[in-house]
Amino acid sequence: MSHLDEVLPGQNEPPRDALLEIYNEEGAVSAEFIARIEQAIADGDVDFLREQIAGRHESETGDVIEALSFENRPELVRLLGEDFDLTALTEVDEAIRLNIIESLPPEQFASALTSLDSDDAVYILEDLADEEREEILSKLPFTERIRFARSLDYPESSAGRRMQTEFVAVPPFWTVGQTIDYMREDEELPDSFSQIFVVDPTFRLLGAVYLDQILRTKRQVKIEAIMHDTNHPIAAELDQEEAAQVFEQYDLLSAAVVDSNDRLVGVLTIDDVVDVIHEEADEDIKRLGGVGDEELSDNIVRAVRSRFGWLLINMCTAFMSASVIGLFDESIGQMIALAVLMPVVASMGGNAGTQTMTVTVRALATRDLDIYNAARIIRREAGVGLFNGLAFAILIALAAGYWFDNPQLGGVVAAAMIINMFAAAMAGILIPLLLDRAGADPAISSSVFVTTTTDVIGFFSFLGIATWWFNI
């Protein structure tokens, strides 16, 4: 039974101490819940907002913030004050996050940052303009300021940006008993961790010990006797996507992050890596569609700016296809059926090329496709393109021949279909491979080149064969 069902007959509202259900049966944020929250914001009912928001998980709070109206988002944060969990800002779109941050006094924002894990704080800070970031950092205590600034010095989208700088490190000569006492007494340790790192006096990483080993070992045993080599330490400047691949390959829950001198500077945990995987996949999908880093919360101007560039490029490439059609204007004028059928050939080629390109780009991103298996995959895609070309050539030949009562026209469009489907398969795999080899991001650049290739070859093969065959 839901909390809403617990309301006594005759009452219009649930008990003040009852948590309302955030989500409806479909898993979306409940419109009734949002209406109650927005009414409480309008009434300035801080007690109700604290009861319903303050104790929630940050992901739930993030969902609520995204569902609120534009003007109510910063107002909710203002009313909750210190009871607002700033970690929730890592769960919302960048545009929403910046809107809320800009509404907060710098002192309040800086104070709230000190309560966050370093990775969450850096995630929020990195979106700010340089001037705003410096202003916020200047209001932090010295230790936190240096810690955050050091993480922000690492390249964007690197492991150093995603790591937590809170970790447990002990020297190898400590005993298990000393380590346990240290963990019990030190109040500055992270809230949760699964392993303890072993370092020398210069903080160079020597190894690690899992907590279960600590619990199973007698107090007098030295740490160096039970430590193991660190599982695949990650360089701080390594790209976050490559770091995520290390986690996936070796099934890691956490990994040490080291600088260029092998000194321990942080730890990367699985919750951060899950966010990275989601972020990178989202980024690849958007790039394939030519929408950059657009968010649903972006305004019209930002959305137009995000899409305009690639639409302009597509318009320019479309003129290439149009110029091919222009070469055969007399043929089209004498045989109108060509104008009817040529979009079918180009469209089928474009779809087939997009299928191959999507598989290829994803395989390159996950490193499943490399120089060692590229030849085999190319042969496979060639076979797929040829087989699909033959199958759809038969279908379109029968349809076109019956539609226009012209079996020869069916044969012409069938031949063009085979050529274009084969070309689409080759373009779909070779173009991303060549772009990747040239150092360009295939997720960004592939689609426009693949589409142009299939359109040009489709139109040229169909109209060219028809002109030759019918001697137009």
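Each chain carries its own residue numbering, running from 1 in the direction its sequence is written. Only residues with pLDDT of 70 or above have their local features reported here, since the model is predicted, and side-chain atom pairs are shown and tallied only from 80 upward, although totals for entire chains, interfaces and linings are computed over all residues. To obtain the side-chain values, all non-hydrogen atoms of the structure were included, while hydrogens and water were left out.

This paragraph deals with the packing of aromatic side chains. Pairing of aromatic side chains here covers Phe, Tyr and the six-membered ring of Trp, requires ring centres within 6.5 Å, and sorts the geometry by plane angle: under 30 degrees stacked, over 60 edge-to-face, intermediate tilted. Scanning all chains against the criterion turns up five aromatic pairs. On the basis of an interplanar angle of 70 degrees and a centroid distance of 5.8 Å, the ring pair of Phe328 and Phe460 is categorised as edge-to-face. Within this pair, whereas Phe328 is found in the loop between helix H16 (300-326) and helix H17 (329-334), its partner Phe460 is found in helix H21 (residues 442-469), the two being separated by 132 residues in sequence. Secondary structure elements are taken from DSSP: a helix is a run of H or I of four residues or more, a strand is a run of E of two residues or more, and numbering for both begins at the N terminus.

This part covers unusual backbone geometry. Of note in the backbone geometry, Asp262 takes a positive phi value of approximately 65 degrees without being a glycine. Structurally, Asp262 can be placed in the loop between strand E5 (254-258) and strand E6 (264-269). Only protein chains enter the accessibility calculation, which uses a 1.4 Å probe; a residue is then buried when its area is under 20% of its type maximum, exposed when over 50%, and partly exposed in between. Assessed through its relative accessible area of 44%, Asp262 is described here as partly exposed. With a phi angle near 50 degrees, Asp405 is a residue other than glycine that sits in the positive phi range.

Attention now moves to helix H8 (residues 130-138). Residues of H8 that are buried: Arg133, Ile136 and Leu137. Down the axis of H8, the sector holding all buried residues measures 100 degrees, keeping them to one side. Opposite the buried face of H8, at more than 90 degrees from it, the exposed residues are Glu131 and Glu134. What makes two residues a contact is simply this: any of their non-hydrogen atoms within 4.5 Å. Each element contacted by the buried residues of H8 is listed here: helix H6 (106-113), helix H7 (118-125) and helix H9 (142-152). Directions drawn from the helix axis to the C-beta atoms are what define this arc.

A word on the confidence of the model for the chain. Of all residues in the chain, 94% attain a pLDDT of 70 or more, and the chain-wide mean is 88. Note on residues 1-17: pLDDT is under 50 here. Beyond four places in sequence and across chains, it has 16 contacts. How sure the predictor is of each residue is captured by pLDDT, a score from 0 to 100.

A few words on the pairing of strand E3 (residues 205-210). Only when DSSP finds a minimum of two bridges between them are two strands counted as paired. Strand direction decides the pairing type here: strand E2 (residues 195-199) and E3, joined by five bridges, are antiparallel. Looking at E3, one finds that Val199 is bridged to Leu205. Where E2 folds back on E3, the antiparallel hairpin that results is connected by five residues, among which Phe203 adopts a positive phi of roughly 70 degrees.

A word on the sheet that holds E3. Taken in spatial order, the three strands of this open sheet run E1-E2-E3, and their pairing is mixed. The open sheet has two edge strands, strand E1 (169-170) and E3, and neither has a second partner.

What follows is about the pairing of E6. Across a regular strand the side chains alternate sides, sitting on one face of the sheet and then on the other. Of all the six residues making up E6, six are buried; the element is thus mostly covered by neighbouring parts of the structure. Hairpin connection of E5 to E6: five residues between the antiparallel strands, including Asp262 at a positive phi of 65 degrees.

A word on the packing of helix H19 (residues 374-403) against helix H20 (residues 407-437). To get an axis, fit a line to the C-alpha atoms, keeping to the stretch in contact for a helix; angles then go from 0 to 180 degrees between the N-to-C directions. Relative to each other, H19 and H20 sit at 155 degrees, their axes nearing to 7 Å. Classified by the interaxial angle, the pair formed by H19 and H20 is roughly antiparallel. Note that H19 runs across H20; the crossing there is right-handed. Under the scheme applied here, ten amino acids are nonpolar (Ala, Val, Leu, Ile, Met, Phe, Trp, Tyr, Cys and Pro), four are charged (Asp, Glu, Lys and Arg), and all others, including Gly, are polar. Counted by class, the contact of H19 with H20 contains 22 nonpolar, five polar and one charged residues. When describing relative orientation, an angle under 35 degrees is termed roughly parallel and one over 145 degrees roughly antiparallel, while 65 to 115 degrees is termed roughly perpendicular and anything else oblique. By convention, the crossing between two helices is left-handed when the near helix turns anticlockwise from the far helix through less than a right angle, and right-handed when the turn is clockwise.

The next point concerns the layout of surface pockets. Rolled over the atoms, a probe with the dimensions of a water molecule shows which regions are left empty. Method remark: on a 1 Å grid restricted to protein atoms, a set of points is classed as a cavity if a 1.4 Å probe fits but cannot get out and as a pocket if it is open with protein on both sides within 12 Å along at least five of seven lines; lining residues have an atom within 4 Å of a point. Grid points are joined across faces, edges and corners, and a volume is the space filled by probe spheres set on the points. A volume near 570 Å³ is recorded for the second largest pocket. Together, 21 residues line the second largest pocket, and Arg147, Thr165, Glu166, Glu188 and Leu189 are the ones closest to its centre. Of all the elements in the fold, those that place two or more residues in the lining of the second largest pocket are H9 and E6. Tallying contributions element by element places H9 first for the lining of the second largest pocket, with four residues. For the lining of the second largest pocket, the class distribution of residues is nine nonpolar, four polar and eight charged.

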